[in-house]
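# Coordinates in review
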Amino acid sequence: MINSVPSLWQMSRGKTGVVTGFDDSIKTNIRVRLEELGFREGAIVTCSMAPKLGAPKLYQVANSVYSLEQPLAELVQIQTLTA
Amino acid sequence: MKKVLLVGSPNSGKSMLYNRLTGMNQRVANFPGITVATHAATCRENPELEIIDFPGVYSLQFISGEEEVAVAAFNEALKAPVGEIAAVICVVDSTRLEKGLSLALQVHEACRATGHPMVIAGNMADILIRHNMAIDASGLSDALGVPVVPVSARSGAGVAALIALASGTIEPPKSLLASDEIAVDQNRLRNVAEDLTDKFGPKGDFLLKSHTSADQFFLNTFTGGVSFLFIMFLLFQSIFTWAAPLMDGVEMLIGEAASLVLPLFSDGWARDFVADALFGGLGSFLVFVPQIFILTMVVGLMEDSGYLARAAVICHRPLRVFGLTGKSFVPMLSGVACAIPGIYAARTIESPRRRWLTYLAIPLMPCSARLPVYGLLIAVFIPDQTVMGGWIGLQGLALLGIYLFGIVAGLLVTAVVSRFDKEANDDTPFVLEMPPYRTPDIVTLLRNAWERSGDFVKRAGPVIFWVSLVVWVLGYMPNYGEDLGESWLGYAGRFIEPIFAPLGLDWKYGVAILASFLAREVFVGTLGTLFGIEDSEENIGSLADQITASGLSLASGVAVVVFFALASQCISTLATLRRESRSWRLPLQLFIGYGVLAYVVAYIFYLLVGAFV
């Protein structure tokens, strides 16, 4: 399942992080698509919206904003930049 | 005639550019995946060019059915002999250049490999100008070895330069990277896109700041939910309150036309036909077209503003409970206007399983073809009154209730089916781009609503005319309209009467329901013709008044509404489902299953309402 490396889903609103990799369980085509959208290693991602009740969170990357649901956001590993 | 291929990522404004180039009115919306098929038309400024618009894709490596269709069609088009394609125009959103360039580099390589010329159209240049920014078109052009033209599909700026380029001779692109490097390492290609954006693109996240503050409101757990419900409430209120004056106007025009035309005929079958079948049947249907116009207008407003994507995010979590996804929201909302574009829009759902569940829900969405039926029965049973200081109309509230019934029914069906469906492993996760908020163009909205209403009339009108004609002949003969009950239609109606008698409906409603299996809206026209024949002196009066006078009970009226909410009568929808699912199995299952469900639930409601009222 998900390892102990922080994931996108753990970011709260306003937090910024750097993508460090992907969980091993991610399918190749999904990983490629995420990379095409800008979620690739080294990319700076900001969580711009984190609605409650398990709704998808909004992430800003490369001048675009994407909504990712929990199972997907948990597969993108990050290193948090801001406290 | 040479071809110009238009490709680009979703929300790059590609279809708006296509409309600008061709003068067509292809559907555009501020939501990814609106273009779901290729379209072709002659270039307005240069008739020697045929413009072909492909569905938007993020990459030539597809992951969804919608992208597969687009990429396959694009690759097929590239097989044309060198010289047949004047240019492949890759449309990129200048405000988010990196994303567009990721695709443009793949298109660049595809054009290089096939020897076709390429142009990059840097769309939304007007937005950059408003922020005192621009892309370095000449620098980017030099770096890529292809022309780069800043354009604004909205204002038309730069479009003439684009056509002039495509009308001339453009050299095919040269290799930027070794082809095996691109094939093996997509990251290398994306790094190039990032470098090019850094060098030649606009700087900063200037657009995102205002969007974020709007999202704080529209996606907040509380304010987002409340605003979503409020917007949905406004949608249904507007269908009655805003459309009412237009409906009165259409009714008045039909009355005026009848008073001018009918005196031209002497008493006899021709006059009866014009009065009963044309003004009674077709006229009764036309009265409801303004409601369809308003519905299309309001849905278009949501599409163009960028709110639709936010609504999909808000709906994602609740829809998951029913086995659906937030991306199901847009096909389902499209289904409120018409099921057919809704079914096509479901292509944007990457997960085959959730797409299939969305197919099950869409035919239960309260489409505009049901609107005339609901509008008629609401006018019969619900008084035209307002409550809460005139803010809430009872008829609009009733329509909202009926619409919610259809939506809830669709969700319950998918919830039940998803529980029993064992093929749950195939699931593609939810990722959705949030388009920038934009001010909708009112002229485009009006034009779209006008054209879609016109299409609706053109599609339904001939069917209603012929059904009205057949119903009129059967009801008029053999005693020339003397006694409807003794007519051929009367005999046929009494034959099928036992089917609808348990719902408290007489044979006239039975005939109208049977006719509605051709198209739902035929129900109103058929009743108009039937009541016209029966009461020829007042046949151009309000059909609702005639139904009220006929003594239709509330329980039967509710049963009819429930039947229409659940039955899958639309032949076009079933044919579209067959095409999308590539099998007759699903449409046949829906037709039979929803037909039985509709009858049983209508009967239960008839008994319940009859017991309490």
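What this report covers is the structure whose coordinates are included nearby. From a predicted model like this one, the values you see are computed outputs, not experimental measurements.

## Some thoughts on empty space enclosed by the protein
All names here are of chain B. All chains considered together, the criterion is met by ten cavities of 30 Å³ or more. For the second largest cavity, the calculated volume is near 110 Å³. Lining the second largest cavity are 14 residues; nearest its centre among them are Cys 367, Ala 369, Arg 459, Arg 520 and Cys 570. The set of elements that each furnish at least two residues to the lining of the second largest cavity consists of α16 (339-345) and α20 (442-476).

## Focus on a negative patch on the surface
Where like charges cluster on the molecular surface, the negative patch consists of Asp 248, Glu 251, Asp 384 and Asp 545 of chain B. In this fold, Asp 384 of chain B is placed in the loop between α18 (371-381) and β7 (386-387).

## What to know about the pairing of strand β1 (residues 16-22) of chain A
Residue and element names in this part refer to chain A. Along β1, six of the seven residues are buried, which leaves the element largely enclosed by surrounding structure. Examined bridge by bridge, β1 and strand β2 (residues 44-49) share three bridges and lie antiparallel to one another. Directly across from Val 18, in β2, lies its bridge partner Ile 44. As paired elements, β1 and strand β5 (residues 76-80) share five bridges and run antiparallel to each other. Paired with Val 18 across the strands is Gln 79, a residue of β5.

## Here's the deal with a nonpolar patch on the surface
Residues and elements named next belong to chain B. Together, Leu 554, Phe 591, Ile 592, Val 596, Val 600, Ile 604, Leu 608, Phe 612 and Val 613 give the surface a local cluster of nonpolar side chains, amounting to about 880 Å² of exposed area. Broken down by element, the nonpolar patch gets its largest block of residues, seven residues, from helix α27 (residues 585-612). Judged by relative accessible area, which is 43%, Val 600 ranks as partly exposed.

## A closer look at the interface of chain A and chain B
Listed by partner, the interface residues are 29 residues for chain A and 39 residues for chain B. For the chain A and chain B pair, buried surface summed over both sides reaches about 3100 Å², with 55% attributable to carbon and sulfur atoms. Counting every contact that joins chain A to chain B gives three salt bridges. Salt-bridge contacts for Glu 98 of chain B lead to Arg 40 of chain A; the nearest nitrogen and oxygen are separated by 2.9 Å. The interface formed by chain A and chain B includes eight residue pairs in polar contact (both at pLDDT 80 or more). Class assignment for the residues of the side of chain A that touches chain B results in 14 nonpolar, seven polar and eight charged.

## Structural notes on unusual backbone geometry
All names here are of chain B. Phi is positive for Met 124, close to 65 degrees, though the residue is something other than glycine. Along the polypeptide, Met 124 turns up in the loop between β5 (118-123) and α4 (125-130). Phi is positive for Asn 132, which is not a glycine, with a value near 55 degrees. Turning to its location among the elements, Asn 132 is positioned in the loop between α4 and α5 (137-144). Classification of Asn 132 by relative accessible area gives exposed; the value is 75%.

Rules and cut-offs
- Residues numbered from 1 in each chain as written.
- Chains lettered and ligands numbered in written order.
- Predicted model: local features only at pLDDT ≥ 70, side-chain atom pairs only at ≥ 80, totals over all residues.
- Heavy atoms only, no water.
- 1 Å grid on protein atoms, 1.4 Å probe; cavity = no way out; pocket = protein on both sides within 12 Å on 5 of 7 lines; lining within 4 Å.
- Points joined across faces, edges and corners; volume = space filled by probe spheres on them.
- Helix = DSSP H or I, 4+ residues; strand = E, 2+ residues; numbered from the N terminus.
- Patch = residues over 30% accessible without salt bridge, like charges linked within 9 Å, V, L, I, M, F, W, Y side chains within 5 Å.
- Areas by Shrake-Rupley, 256 points an atom, 1.4 Å probe, with all protein chains shown as cover.
- Salt bridge = Lys/Arg side-chain N within 4 Å of Asp/Glu carboxyl O.
- Lys, Arg positive; Asp, Glu negative; His and termini not counted.
- Charge placed at Lys NZ, Arg CZ, Asp CG, Glu CD.
- Buried < 20%, exposed > 50% of the residue type's maximum accessible area, 1.4 Å probe, protein only.
- Pairing = 2+ DSSP bridges.
- Contact = heavy atoms within 4.5 Å.
- Buried area = accessible area lost by both parts, 1.4 Å probe.
- Polar contact = N/O pair within 3.5 Å; in protein donor to acceptor, adjacent residues only side chain to side chain.
- Nonpolar A, V, L, I, M, F, W, Y, C, P; charged D, E, K, R; others polar.

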